[in-house]
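# Analysis of the macromolecular model
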Amino acid sequence: MNSGGNLTIDEAAVCASLEMTATGNSPISVSIQTGQSLTVSGAININAPSQNNAHTLSVNDGSLSCSSLSMADTNNGMRPLTLGISSGTATISGNLTMAGATDENFVSISTTGTLNIGGTFTTDLTVGAFSAGSGTVNYNGTGAQAIRGAAYNNLTFSGGGEKTLSGPASVSGTLTLTNGNLVTATGILVTLGSGASVSGGSKDSFIDGPLAKTGNGDFTFPVGDAGIYAPVGISTLGASSTFTAEYFRAIPTDPLDFVGTIDHISGVEYWDVSGGTSASVTLSWRASSGVTDLTSLVVAHYVGTTWQDRGQASTSGNAAAGTITSNSVTTFSPFTLASTAADASNPLPVELLSFTAKKETKGVLLEWETATEVNNAFFQVERSLDGKVFDAISKVEGVGNSDITQSYQMMDKNPRTGINYYRLKQVDFDGDFEYHPIVSVDMAPIKEASLQLFPNPAIDKVNVFLPSSVEGPADIAIYNAMGQLVKTTTIDLAKGNNTTDIDIQELAMGRYTLIVNYAGQRLTQAPLVIQK
């Protein structure tokens, strides 16, 4: 559309793309009537008017779908561009982009409409304006998505993938967690209003980071970390207040500093809970938490420099999964599970003791140790070239349950050139899993060393002189003129000059090639002549 005017969609319509560009002194309006639909297989571009007019795409009570939608920077608040939804549905499988200022580009849900976004909704809050009305915004992309910081009514996450909040956001209606985690951070989090609620929440969809809730009612925060869903609740609040909660799958601060009745605390997890009024705190556990005896389980609260017993007002569930509620507390800081009985009652397993990656002759050696294990089915070793996207390369069986140190290792015989990133995914028998910290090894090509052989020609022994910038075991291989491997040995390289003698009495007279391999790469080679 390039001449202005109104286009009314009063029956199902389909097109390849839609360009809204007016060259004259006329606005452009596209309006979808109740019950009707407009399907655009490609992009919708709402371009800047040439004069002071408005371009409007109104979904009304109908439906719109497209691969992407973009609004231009008009450089003039008298030339607004608008996507409007009443009670209908707009589905954008890609990005929703606003390039104009907050008085130039508008996305507005006036009543109960739905906006589905599969890509990125412009995250720069100085660009464009968004009004949620009584509607729903559903981020349903299957991959990673950047989430606009905004005031939402209903906010839904589905489709999977990791969603990352780009600015502070609020929800006044319902936060629905169906599939995919929302990553938040201090100062960049979602705050649920006093009338807001949560629907869903599972190991497939949780808040990975802090979440805030305002009000005076009982509430459960659907938080998690490292693939673990670990909700935490507050109840019997003394007054209306804003509480913030976050879960950490990590070793708590000062895990051995506890007082009073506590025998030991969890070594794998804790929750940060803060608020401005008294409340009881409810922690959750799953099989990997190591709970076996509910009667000796208590809530521990970190105060100053020690962990203190905050009691057990009630529990629910069993050793496989459940919750425990503390007595009322008036101050807040980290909370975790603790036991008043010895380890045999509630092992509360410790975190991985170590995980290392080391460059070796045959590749990269990965080694790790655990102090105790509960319900551990196996470890999955994963590798990445960018530290973000990981692929599984090996599976190592766990011992299930153990209260002694266990050691594991595996060799990556095919590392990639450059930096290789590795992480461990520990999987329980019930399918719960968690990721451990990433380690890396630089497998950049090694600068070829200057190899010298003497005497050469040789008769029964050859001396190898090899300056090296790396250290560790290296393989020496001798090949005959037909390319056949006829002899191997090893040398433990040190940085600087290295020498070793090789016995070649058993080799026939002829021409050979001596090759030195280090960490799966050819370090250097030289010709060798043997005489008899």
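The model shown is predicted, which means the values in this text are computed figures rather than measured ones. (Residues numbered from 1 in each chain as written. Predicted model: local features only at pLDDT ≥ 70, side-chain atom pairs only at ≥ 80, totals over all residues. Heavy atoms only, no water.)

On to the side chain of S31, then. Relative to the helices and strands, S31 resides in strand β4 (residues 28-32). For S31, a relative accessible area of 15% puts it in the buried group. At a separation of 3.3 Å, a polar atom in the side chain of S31 contacts the side chain of Q33. If sequence neighbours within four positions are ignored, S31 has contacts with L7, T8, I9, S58 and N60. (Helix = DSSP H or I, 4+ residues; strand = E, 2+ residues; numbered from the N terminus. Buried < 20%, exposed > 50% of the residue type's maximum accessible area, 1.4 Å probe, protein only. Polar contact = N/O pair within 3.5 Å; in protein donor to acceptor, adjacent residues only side chain to side chain. Contact = heavy atoms within 4.5 Å.)

Right, let's get into the sheet that holds β4. Pairing is parallel across the open sheet formed by 6 strands, whose spatial order is β1-β4-β7-β10-β13-β15. Either end of the sheet is taken by a strand with one partner, and the two such strands are β1 (5-9) and β15 (129-131). Within this sheet the neighbouring strands show an average axis-to-axis angle of 10 degrees, counted without direction. Alignment of strand β10 (residues 81-85) against strand β13 (residues 105-109), held across 5 bridges, turns out to be parallel. Across the sheet, I85 pairs through a bridge with I109, a residue of β13. (Pairing = 2+ DSSP bridges. Axes fitted to C-alpha atoms, helices over the stretch in contact; angles between N-to-C directions.)

Ranked by internal contacts, the top residues of the largest apolar core, which has 78 residues, are L69, L115 and Y152. Leaving out residues up to four positions away in the same chain, L115 has contacts with I85, A90, I92, L96, V107, I109, T136, V137 and N138. Ranked by size, the runner-up nonpolar core spans 39 residues in total, among them V364, W368, I476 and L514. (Core = buried A, V, L, I, M, F, W, Y, C linked by side-chain atoms within 4.5 Å.)

Along the chain, A230 turns up in the loop between β30 (228-229) and β31 (232-235). Between the C-alpha atoms of A230 and G5, which are 225 residues apart in sequence, the distance is 55 Å. Residue contacts for A230: discarding those within four places in its chain leaves V223, G224, Y247, W271, S284 and R286.

Right, let's get into the pairing of strand β55 (residues 521-530). Side-chain positions along a regular strand alternate between the two faces of the sheet. The sheet contact formed by strand β54 (residues 510-518) and β55 spans 9 bridges and is antiparallel. Note on β55: the bridge partner recorded for R511 is V529.

Here we come to the packing of aromatic side chains. Using the criterion set out here, one finds 16 aromatic pairs in the structure. Ring geometry for Y139 and F157: centres 5.9 Å apart, planes at 20 degrees, overall stacked. One end of the pair, Y139, is in strand β16 (residues 136-139); the other, F157, is in strand β19 (residues 154-157), and 18 residues separate them in sequence. For the pair formed by Y139 and F157, the shared burial category is buried. For the ring pair F355 and W368, a centre distance of 6.1 Å and an interplane angle of 80 degrees mean the geometry is edge-to-face. Residue F355 is located in strand β41 (residues 352-360), and its partner W368 is located in strand β42 (residues 363-370); the two are separated by 13 residues in the primary sequence. Here a set of aromatic residues connected by ring pairs shows up, and it is made of F121, F130, Y139, Y152 and F157. For K425, the ring lying beneath its charged end belongs to F433, and the centroid distance is 4.2 Å. (Phe/Tyr/Trp six-rings, centres within 6.5 Å; stacked < 30°, edge-to-face > 60°. Lys NZ or Arg CZ within 6 Å of the ring centre and 35° of its normal.)

Attention shifts here to the sheet that holds strand β12 (residues 96-98). With parallel pairing, 4 strands are arranged side by side in an open sheet as β3-β6-β9-β12. Each having just a single partner strand, β3 (18-20) and β12 make up the two edges of the open sheet. Taking each pair of neighbouring strands and ignoring which way they run, the sheet shows an average axis angle of 5 degrees. Where strand β6 (residues 43-46) meets strand β9 (residues 68-71), 4 bridges bridge the pair, whose relative direction is parallel. Opposite N45, over in β9, you have S70 as the bridge partner.

With respect to the element layout, L38 can be found in strand β5 (residues 37-40). By relative accessible area, L38 is classed as buried at 6%. Separated by 473 residues in sequence, L38 and R511 have C-alpha atoms that sit 77 Å apart. Beyond its immediate sequence surroundings of up to four residues, L38 is in contact with A13, C15, L18, V30, I32, S63, L64 and S65.

Now for the pattern of salt bridges. This model, assessed by the stated rule, comprises 6 salt bridges. Its salt-bridge partner being R249, residue E269 comes within 3.1 Å of it at the nearest N-O pair. You can see E269 sitting in the loop between β33 (264-265) and β34 (270-274) and its partner R249 sitting in the loop between β32 (241-248) and β33, a full 20 residues away along the chain. On the accessibility criterion, E269 (0% relative accessible area) is buried. By relative accessible area, which is 6% here, R249 ends up buried. D412 is the partner of R383 in a salt bridge, and the nearest nitrogen-oxygen pair spans 2.9 Å. Within this pair, whereas R383 is found in strand β43 (residues 373-384), its partner D412 is found in strand β45 (residues 406-412), the two being separated by 29 residues in sequence. Taken together, the shared-partner salt bridges in this structure form one network comprising R249, E269 and R286. (Salt bridge = Lys/Arg side-chain N within 4 Å of Asp/Glu carboxyl O.)

With that settled, consider the pairing of strand β37 (residues 306-309). Sheet topology places strand β36 (residues 297-303) next to β37; 4 bridges connect them, and they run antiparallel. Note that in β37 the partner of H301 across the bridge is Q308. Where β36 folds back onto β37 in an antiparallel hairpin, the turn is made up of 2 residues, including G304, whose phi is positive at roughly 70 degrees.

What follows covers unusual backbone geometry. For the bond running from F454 to P455, omega is -10 degrees, close enough to zero to count as cis. Cis geometry marks the peptide bond from N456 to P457, where omega comes out at 15 degrees. For N75, which is not glycine, the phi dihedral falls at a positive 60 degrees. Mapped onto the fold, N75 is located in the loop between β9 and β10.

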